[in-house]
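# Reading the structure
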Amino acid sequence: MNLTETIIFLIALYFYYGLLALRFIQGAGYKAWQALVPFYNIYIMTKVIDRPWWFVILAILPVVGNIIMVVIFYELLHVYRIASTKNTILGVITLGLYFGYLAFTSKLKYEGRDKVEIRKHIGEGFSSIVFAIVAATLIRAFTFEAFTIPTPSMEKSLMVGDFLFVSKLQYGSRLPMTPFSLPLMHNKIPFTNVKAFSDKIQFPFLRLPKITDVERNDPVVFNYPMEDEYPIDKREHYVKRCVGLPGDTLKIVDREIYINGQINQLPDLADRQFEYFVRTNNTPLNPIMVKDRFDINMLTEGEQREKQERGAASLINRGPDFHEYIVTISDSQIEEFKAMPNVVEVEVINSEINLQDYPSDIAPTLYQIYHSYTPYQVNSEIFPNPANSKNILFKWTRDNYGPIVLPKAGASVELTVNNIHLYRRIIEVYEGNTLKQEGNNFIINGEAATHYTFKQGYYWMMGDNRHNSLDSRYWGFVPEDHIVGKPVFIWMSYDKFARTSGDKIRTDRVFSLAGGDGERKSYFWPFLVLVAIGYGVNFWLKKKKAA
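Being a predicted model, the structure only gives us computed values, none of them experimental.

## Quick word on the overall build of the protein chain
The helix and strand inventory of the protein chain stands at 16 helices and 21 strands. For the protein chain, buried positions account for 46% of its 547 residues. For the protein chain, contacts bridging at least 24 residues in sequence account for 66% of all contacts bridging at least 6. Element-wise, carbon and sulfur atoms account for 58% of the exposed surface of the protein chain, whose accessible area totals about 27700 Å².

## Focus on unusual backbone geometry
With an omega of 5 degrees, the peptide bond between F383 and P384 qualifies as cis. You can see P384 is positioned in the loop between α13 (364-372) and β12 (401-405). Following G402, the chain continues into P403 via a peptide bond in cis, with omega recorded as 15 degrees. Mapped onto the secondary structure, P403 falls in strand β12.

## Looking at a nonpolar patch on the surface
Among the surface-exposed residues, W33, V37, Y40, Y43, W53, W54 and I57 lie close enough to one another that they form a single nonpolar patch of about 730 Å² accessible area. Mapped onto the elements of the fold, V37 is located in the loop between α3 (32-36) and α4 (40-48). A relative accessible area of 33% means that V37 is categorised as partly exposed.

## So, helix α14 (residues 420-430)
Residues of α14 that are buried include every one of I420, L422, Y423, I426, I427 and Y430, and no others. Angular distribution of buried residues about the axis of α14 spans 165 degrees; they occupy a single face of the element. Following α14 by one or two positions, G432 adopts a phi angle in the positive range, close to 65 degrees.

## Observations concerning the sheet that holds strand β6 (residues 256-259)
Taken in spatial order, the four strands of this open sheet run β7-β6-β5-β12, and their pairing is antiparallel. Of all strands in the sheet, those bounded by a partner on one side alone are β7 (262-263) and β12. By the bridge criterion, four bridges tie strand β5 (residues 249-253) to β6 in an arrangement that is antiparallel. From the neighbouring strand, K251 faces β6, where its bridge partner is Y258.

## Quick notes on the nonpolar core
Core analysis: the largest hydrophobic core is formed by 41 residues, its most contacted members being M45, I72 and L76. If you list the elements that add at least two residues to this core, you get α1 (3-20), α2 (22-27), α4, α5 (55-60), α6 (64-78), α8 (97-105) and α9 (115-142). Among the elements that make up this core, the one with the highest residue count is α6 (10 residues). Leaving out residues up to four positions away in the same chain, L76 has contacts with A21, F24, M45, V48 and I49. Counting residues in hydrophobic clusters, the runner-up holds 30 residues, among them I257, I259, I427 and Y452.

## Some remarks on the packing of α4 against α6
Interhelical geometry of α4 versus α6 gives an angle of 45 degrees and a closest axis separation of 10 Å. As the angle between them shows, α4 and α6 are arranged oblique. Of the two elements, α4 crosses α6, and the hand of that crossing is left-handed. Contacts from I42, M45 and V48 of α4 reach α6 at M69, I72 and L76. Taken together, the residues that form the contact of α4 with α6 break down as six nonpolar, no polar and no charged.

## A few points about the packing of helix α7 (residues 85-93) against α8
At a minimum axis distance of 6 Å, the contact between α7 and α8 shows a crossing angle of 125 degrees. Classified by the interaxial angle, the pair formed by α7 and α8 is oblique. Residues N87, T88, L90, G91 and V92 of α7 form the contact with α8, whose own contacting residues are L97, Y98, F99 and L102. Along the lines of polarity and charge, the residues of the contact of α7 with α8 split into six nonpolar, three polar and no charged.

## Examining the side chain of D495
Here D495 shows up in the loop between β20 (483-493) and β21 (512-513). Of the residues examined, D495 reaches a relative accessible area of 6% and is grouped as buried. With near-sequence residues (within four places) excluded, D495 lies in contact with K291, D295, D503, K504 and R506.

## Observations concerning the pairing of strand β8 (residues 273-280)
Burial of β8 is extensive: seven of the eight residues sit out of reach of the surface. With eight bridges joining them, β8 and strand β10 (residues 322-330) adopt antiparallel strand pairing. Of the residues in β10, the one forming a bridge with F274 is I329. Bridge count between β8 and strand β11 (residues 343-348): five bridges; the pairing is antiparallel. What sits directly across from V278, in β11, is V346.

## With respect to the packing of aromatic side chains
Under the definition given, this model contains 39 aromatic pairs. Pairing Y14 with Y17 gives two aromatic rings, centres 5.2 Å apart and planes at 80 degrees, and the pair type is edge-to-face. You can see Y14 and its partner Y17 sitting in helix α1, three residues apart, about one turn around the helix. Classification of Y14 by relative accessible area gives buried; the value is 4%. Relative accessible area serves as the criterion here: at 12%, Y17 is assigned to the buried category. Judged by centre distance (4.5 Å) and plane angle (5 degrees), the ring pair of Y224 and Y238 falls under stacked. Taken together, the residues Y224 in the loop between β3 (219-223) and β4 (237-244) and Y238 in strand β4 connect sequence positions 14 residues apart. On the accessibility criterion, Y224 (14% relative accessible area) is buried. Positioned above the aromatic ring of F274, the side-chain terminus of R255 is 5.5 Å from the ring centre. Over the face of the ring belonging to F322 we find R279, whose NZ or CZ atom lies 4.2 Å from the ring centre.

Scoring rules and cut-offs
Residues numbered from 1 in each chain as written. Predicted model: local features only at pLDDT ≥ 70, side-chain atom pairs only at ≥ 80, totals over all residues. Heavy atoms only, no water. Helix = DSSP H or I, 4+ residues; strand = E, 2+ residues; numbered from the N terminus. Buried < 20%, exposed > 50% of the residue type's maximum accessible area, 1.4 Å probe, protein only. Contact = heavy atoms within 4.5 Å. Areas by Shrake-Rupley, 256 points an atom, 1.4 Å probe, with all protein chains shown as cover. Patch = residues over 30% accessible without salt bridge, like charges linked within 9 Å, V, L, I, M, F, W, Y side chains within 5 Å. Salt bridge = Lys/Arg side-chain N within 4 Å of Asp/Glu carboxyl O. Arc of directions from axis to C-beta. Pairing = 2+ DSSP bridges. Core = buried A, V, L, I, M, F, W, Y, C linked by side-chain atoms within 4.5 Å. Axes fitted to C-alpha atoms, helices over the stretch in contact; angles between N-to-C directions. Parallel < 35°, antiparallel > 145°, perpendicular 65-115°, else oblique. Left-handed = near helix turned anticlockwise from the far one by under 90°. Nonpolar A, V, L, I, M, F, W, Y, C, P; charged D, E, K, R; others polar. Phe/Tyr/Trp six-rings, centres within 6.5 Å; stacked < 30°, edge-to-face > 60°. Lys NZ or Arg CZ within 6 Å of the ring centre and 35° of its normal.

These results come straight from atomic positions and should not be treated as a statement about function.
Next comes the structure, spelled out in structure tokens:
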């Protein structure tokens, strides 16, 4: 739906609500026309059921409005004393038609709102639950939402087990695009494979005013753009670092990101990780030691099977006097790791574009890795190559990539057979056009086209755990309408790999900022002190009042 279609739909929807409530409104002494004017009729309904005017605002909001309209119709039945659980359920199941049936078949006598009678039928607890759901849905949709980090793609910046508060206000709260959704659920009903929404009606992309634009190197939560089976706002949430903004030219050279020709400088709280080939002498790496010193999870084969994870350090080869590993190590720890007495060789994994570019004197095991495993080579999984194609058009790797120009709203690009794979998904999927290619010519929406003008901006998202991140290098651009918010605060951090129960909670990360400059600082203990002072003051005031 575009904006005009959405407005027409909403006018028709609220006219329908008024038609269902026509006799209820007339029975309370109002005119028929007042029931048939969309949006104004909701205000009249709130007068009939003696509810405050701000119910109108709640009633027209996506998702929340569905709940409020059920409440309004229940109370319309109540003021005529025909409310019951059965009637309400039938009204919801029939999409309101049963409410209209009751209005035109019941003998209506307006008796007004009776709080005692309402409590008798639904109870104070149920009413509190309904409005708690409404409040939580509003907070979740428009201000802050709690997220957890499920995968290691942002380690060691944002870690598996971090529980975040994500600000949707930062980049402007996105209005819900799928209005008919179950509250407090994302795309599936918990513990089932049943969708928690209907995608028959889709609203256009609109944002409320923002605090700031997305800035380069911000950690960003967004909807995964490749899930075409879901509406945009119901696609899975990913968190990555935005390293490229609309209009930027991005290139990766030997793992370093260059933006507009300059090396991208990350903020202090960002800590990149790369895979390294590590060779020790006859003394192997000690799992407990590398966990305690470097927070590197080195799992045994049994633990890997149990946890369904490879861990950050894997033994790949051994001999009588050596052990060889692939270890994921952060920038902040690599020098200390190299200095361990049993470590004799550390080489960063760097995927070259040409196999002949690798040094001839590298370790045999590392040589075999580079020459035998697809992820370390030019391959069809790298964007924008067509997936699973034998014809690799863009000979790039995860460590040597580009250059690529990020599309900017209003910018135009000439379409050629050499670049169409960069923009095909933007044109067809993200911006909703039809695209046909006939030889060297392109037809967009039935008309010949040599250029294309972008309707929105596109971002480049990458994980700080560069060799263990499914990101823009593999699926491309992130459209502006997929941006959800900015992680701002870590309120809890749980380490499922901790060796002892006392180390399960990462106290140095609890109540800390999710990004920015300066050293990481936890505000957990100051928070506990303030809570203790608050309880103490409250206890003292109660004791003083009792005296």
